[in-house]
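For reference, the chains in residue letters:
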Amino acid sequence: MEPISPVVISVPHAGRDYPLPLRAALRVPLAAIRGLEDRYADAIALGAREIETLFVAARARAWIDLNRSEQERDPRLDDGARAGGPPLSAKLRSGLGLVPRRVGNSGDIWSRRLGGDEVDARIRLDHRPYHAAIAAALASARARFGVAVLLDVHSMPPLGDPTTAPRLVLGDRFGKSAAARFQGRLEAVARTHNIACAANTPYSGGHILERHGDPRRGIHAIQLEIDRTLYLDAALDQPGPGLKAMVKLLRSIIDALADEAIPAALAAE
């Protein structure tokens with residue numbers, strides 16, 4: 001089916017499906033690894049989405065992190081990690097690789113090492129299909145409109161005093177994954193909603209932006225981080241009274257991206 005909008009939405013970290021093999025291998029309570037979730041970020045995206053193509057990962061991030069490359073396998077956890085490769089990234093050294101090894105102050109989360117075949121299966125069954133679906137949707141949007149925009153939706157813990165700290169962070173890998181006009185347009189949306197916004201600091205975008213953003217080919221990718229206190233309850237566990245406002249904000253962001261993309265699409269016709 002042809003896309004109706006040039007905007008494609010991805011929510012890779014809100015999955016709450018914890019398979020039995022994962023739960024059986026934990027050394028910490030299940031509640032501890034929920035800290036890896038972008039808790040109910042999917043509720044914002046599902047509420048805001050109208051005609052856009054939307055991908056929401058069901059599997060928990062603890063099972064496999066869709067925002068890490070296949071090569072970011074942790075040698076301290078994964079028997080399939082290759083030795084003697086490139087230096088480990090900061091995220092991988094901290095335990096946040098393709099399969100996370102640590103979360104917050106809970107320490108190591110696994111009671112055993114993972115076999116290379118186990119992680120291979122997660123890559124084959126979860127990681128690759130998600131990225132293939134995003135790539136296909138962006139290609140279809142690019143073919144129809146001459147331009148496509150991926151909005152990768154995440155949530156973050158508070159960055160500090162809510163009266164002064166940014167409540168939204170927009171990432172475009174410092175201009176590598178999207179044209180500057182999209183970032184500027186979204187900053188204007190945040191101002192309209194009276195929400196403090198930052199660009200690329202402390203989150204500039206991960207593997208999803210690196211893999212799919214290609215502005216030279218008319219495919220732009222932007223990461224959106226939303227302060228969880230804006231839409232969750234006081235325990236940061238369940239949707240709270242701010243959810244409706246965040247749905248409205250995300251709808252405005254989607255509309256702004258589409259509006260910014262359409263002139264380029266018209267010029268390509």
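Owing to the predicted nature of the structure, the values given are computational and were not obtained by experimental measurement.

**Student:** Give me the side chain of N67: which residues, what numbers.
**Tutor:** By secondary structure assignment, the location of N67 is in the loop between β2 (53–56) and α4 (90–93). Only 3.2 Å separates the side chain of N67 from the backbone nitrogen of H207, close enough to count as a polar contact. Polar side-chain contacts of N67 include one of 2.9 Å to the backbone nitrogen of I208. Apart from residues lying up to four places away in sequence, N67 is in contact with H13, D152, H154, G206, H207, I208 and Q223.

**Student:** Provide a residue-level description of the packing of aromatic side chains, including the pertinent values.
**Tutor:** Two numbers describe a pair of aromatic rings. These are the distance of the centres and the angle of the planes. Considering all chains together, one arrives at one aromatic pair under this definition. Relative to Y130, the ring of F55 has its centre 6.4 Å away and its plane inclined at 70°; by these criteria the two rings are edge-to-face. Separated by 75 residues along the polypeptide, F55 in strand β2 and Y130 in helix α5 (residues 116–145) bring together distant segments of the chain. Judged by relative accessible area, which is 18%, F55 ranks as buried.

**Student:** Can you tell me about helix α3 (residues 41–48), naming the residues and giving the values?
**Tutor:** By the burial criterion, the buried members of α3 are A41, D42, I44, A45 and A48. Along the long axis of α3, the arc covered by the buried residues comes to 155°, so they all point the same way.

**Student:** Can you explain the pattern of salt bridges? Please cite residues and give values.
**Tutor:** With the rule as written, the count across this model stands at 25 salt bridges. D79 serves as the salt-bridge partner of R113, at 2.7 Å between the closest nitrogen and oxygen. Of this pair, R113 sits in the loop between α4 and α5 while D79 is found in the loop between β2 and α4, placing the two residues 34 residues apart along the sequence. Note that R101 is salt-bridged to D108, the shortest N-O span being 3.5 Å.

**Student:** Give a description of the pairing of strand β1 (residues 7–11) that names residues and reports values.
**Tutor:** Across the five residues of β1, five count as buried, placing the element largely inside the fold. Going residue by residue along β1, you find V7, I9 and V11 tucked away on one face and V8 and S10 tucked away on the opposite face as well. Where β1 meets strand β3 (residues 148–156), four bridges bridge the pair, whose relative direction is parallel. Within the sheet, the bridge partner assigned to V8 lies in β3 and is L150. Two elements, β1 and β2, share four bridges in a ladder whose sense is parallel. Bridging across to β2, I9 finds its partner in L54.

**Student:** Provide a residue-level description of the environment of D79, including the pertinent values.
**Tutor:** A residue is classified by how much of its surface remains accessible, and D79, at 49% relative accessible area, is partly exposed. For the pair D79 and D117, spaced 38 residues apart in the sequence, the C-alpha separation amounts to 8.5 Å. Here D79 is in contact with R113, L114, G115 and G116, once residues within four sequence places are set aside. A distance of 2.7 Å separates polar atoms of two side chains, one belonging to D79 and the other to R113.

**Student:** Break down the sheet that holds strand β4 (residues 168–171) for me, with residues and values.
**Tutor:** If you walk across this open sheet you meet the six strands as β2-β1-β3-β6-β4-β5, and the pairing is mixed. Pairing within the sheet leaves two strands with one partner each, and these edge strands are β2 and β5 (197–199). Here the average twist between neighbouring strands, direction ignored, is 20°. Strands β1, β2 and β6 (219–227) of the sheet are contacted by α3, whose axis makes an angle of about 155° with β1.

**Student:** Give a description of unusual backbone geometry that names residues and reports values.
**Tutor:** Backbone torsion omega between T201 and P202 reads 5°, so that peptide bond is classified as cis. Locating P202 in the fold gives a position in the loop between β5 and α7 (207–212). Of note in this structure, F174 is not a glycine but carries a positive phi near 55°. Note on placement: F174 falls in the loop between β4 and α6 (180–192).

**Student:** Provide a residue-level description of the environment of G35, including the pertinent values.
**Tutor:** Along the chain, G35 falls in the loop between α2 (30–33) and α3. You can call G35 partly exposed: its relative accessible area is 47%. Measuring from C-alpha to C-alpha, the distance between G35 and G160 comes to 18 Å, with 125 residues separating the pair along the chain.

Cut-offs applied
As a convention, each chain's residues are numbered from 1 in the sequence order in which they are written. Restriction of local features to residues with pLDDT of at least 70 applies here, the model being predicted, together with a cutoff of 80 or more for giving and counting side-chain atom pairs; totals for whole chains, interfaces and linings are based on all residues. To obtain the side-chain values, all non-hydrogen atoms of the structure were included, while hydrogens and water were left out. Strands here are runs of E lasting at least two residues and helices are runs of H or I lasting at least four, both read from the DSSP assignment and numbered beginning at the N terminus. Between N or O atoms, a polar contact is any pair within 3.5 Å; within protein, one atom must be a potential hydrogen donor and the other a potential acceptor, and residues adjacent in sequence are included only when both atoms are from side chains. Pairs of residues are marked as contacts when any of their non-hydrogen atoms sit within 4.5 Å. Planes of paired rings set the category: under 30 degrees apart is stacked, over 60 is edge-to-face and the rest tilted, where pairs are Phe, Tyr or Trp rings (Trp by its six-membered ring) whose centres lie within 6.5 Å. Three exposure classes are used, based on accessible area relative to the maximum for each residue type with a 1.4 Å probe and protein chains only: buried under 20%, partly exposed in between, and exposed over 50%. Think of the arc as the fan of directions from the helix axis to the C-beta atoms. In what follows, salt bridge is the name for a side-chain nitrogen of Lys or Arg lying within 4 Å of a carboxyl oxygen of Asp or Glu. Between any two strands, at least two bridges found by DSSP are needed for them to pair. Fitted lines through C-alpha atoms give the axes, limited to the stretch in contact for helices. The angle between two N-to-C directions lies from 0 to 180 degrees.

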